[in-house]
Amino acid sequence: MSSSDIFIGETIGTAVLILLGGGVCAAVTLKASKARNAGWLAIAFGWGFAVMTAVYISAPLSGAHLNPAVTLALAIKDGGWDNVPVYWGGQLLGAMIGATLVWVAYYGQFQAHLTDREIVGGPGAQATSAKAVEAQEKGAGPVLGIFSTGPEVRNVVQNLATEIIGTVVLILAILTQGLNGNGDGLGTLGALITAFVVVSIGLSLGGPTGYAINPARDLGPRIVHALLPLPNKGGSDWSYAWIPVVGPLIGGAIAAGIYNVAFA
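Residues numbered from 1 in each chain as written. Predicted model: local features only at pLDDT ≥ 70, side-chain atom pairs only at ≥ 80, totals over all residues. Heavy atoms only, no water.

### Focus on the overall build of the chain
Along its length, the chain carries 12 helices and 0 strands. When the elements of the chain are put in sequence order from the N terminus, they spell out α-α-α-α-α-α-α-α-α-α-α-α. Relative to the globule expectation of 18 Å for 264 residues, the C-alpha radius of gyration of the chain, 18 Å, shows essentially globular dimensions. Dimensions of the chain, computed from C-alpha atoms along their principal axes, come out at roughly 60 × 35 × 30 Å. Within the chain, contacts between residues separated by at least 24 positions form 76% of all contacts whose residues are at least 6 apart in sequence. Element-wise, carbon and sulfur atoms account for 65% of the exposed surface of the chain, whose accessible area totals about 11100 Å². Positive and negative charge centroids in the chain, built from 11 and 13 side chains respectively, lie 12 Å apart. (Helix = DSSP H or I, 4+ residues; strand = E, 2+ residues; numbered from the N terminus. Rg over C-alpha atoms; globule rule 2.2 N^0.38 Å. Contact = heavy atoms within 4.5 Å. Areas by Shrake-Rupley, 256 points an atom, 1.4 Å probe, with all protein chains shown as cover. Lys, Arg positive; Asp, Glu negative; His and termini not counted. Charge placed at Lys NZ, Arg CZ, Asp CG, Glu CD.)

Structure, rendered in structure tokens:
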């Protein structure tokens, strides 16, 4: 695979991943969406199918890493570091493009949601409105969860540990079952396996932090949230943003170490 193929494949694949994954979060969250309040089960399966679709699209070009933690783990496993910056660059760019496309697809719903006083607070809102109170908190704004993750209980050690544990499960599943014949990305069957692993992680481990398990998936859309001209969007919670970046990278490194000791 050439560097240009890798960059293009990762950009397209990660954009599709975030478009569909962020899209299900928008569908469940936003006022005037037909899927409003569909719940966590819809989000978990939506992200799983997003992974599967993105892998099938990008695998022929780049091997479909779509996740800096996967790229890091494969580099540790095989000792190939040359293309790591290319993979990471494509993944971050793709995540930002995908998040922007979610905004385009749900533009009217974002406008309706973020101008509703019951959602964002302010004059006309009921003082007891839980949504209005939540939107007035300093950290996350009322639609940040569509773009990036956040903890239900803000505890640095627990939040970091949750992201590490979830990522170890994901990477071990990829390394032991999901790689193509060359061992440098996800194969056809690996796409399906990984999709269901992501669903499992979401259902079992996603509750505490929203399971980023992918630095680009969280950081790219968080940047887009900060830049987009959304009315009353609130903060981007940058004080938390390092955890879904550092945690998955640590988890990827640990998983690669486990693989090299136990399976190689």
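Now, onward.
### Comments concerning the packing of aromatic side chains
What the rule picks out here adds up to 5 aromatic pairs. Ring centres 5.8 Å apart and planes at 65° place the aromatic pair W40 and Y211 in the edge-to-face group. Placement of W40 in helix α2 (residues 40–62) and of Y211 in the loop between α10 (188–205) and α11 (215–227) is noted, with a sequence separation of 171 residues between them. For W40, a relative accessible area of 36% corresponds to the partly exposed category. (Phe/Tyr/Trp six-rings, centres within 6.5 Å; stacked < 30°, edge-to-face > 60°. Buried < 20%, exposed > 50% of the residue type's maximum accessible area, 1.4 Å probe, protein only.)

### Examining the nonpolar core
The biggest cluster of nonpolar side chains holds 60 residues, and the ones touching the most others in it are W47, F110 and F147. If one sorts the elements of this core by residue count, helix α9 (residues 156–178) sits on top with 9 residues. If sequence neighbours within four positions are ignored, F110 has contacts with L30, V102, W103, V143, I146, F147 and L230. (Core = buried A, V, L, I, M, F, W, Y, C linked by side-chain atoms within 4.5 Å.)

### Overview of the confidence of the model for the chain
Caution applies to low-pLDDT parts of the model: their predicted coordinates are not meant to be read in detail. When the pLDDT values of the chain are averaged, the result is 92; 94% of them are 70 or greater. The low-confidence segment residues 132–137 (pLDDT under 50) makes 13 contacts with residues lying over four places distant or belonging to another chain. (pLDDT = per-residue confidence, 0-100.)

### Concerning the pattern of salt bridges
Inspection of the entire model under this criterion finds 4 salt bridges. Note that R154 and D237 form a salt bridge whose closest N and O atoms lie 2.8 Å from each other. Here D237 lies in the loop between α11 and α12 (243–262) and R154 lies in the loop between α8 (144–147) and α9, a separation of 83 residues in the sequence. (Salt bridge = Lys/Arg side-chain N within 4 Å of Asp/Glu carboxyl O.)

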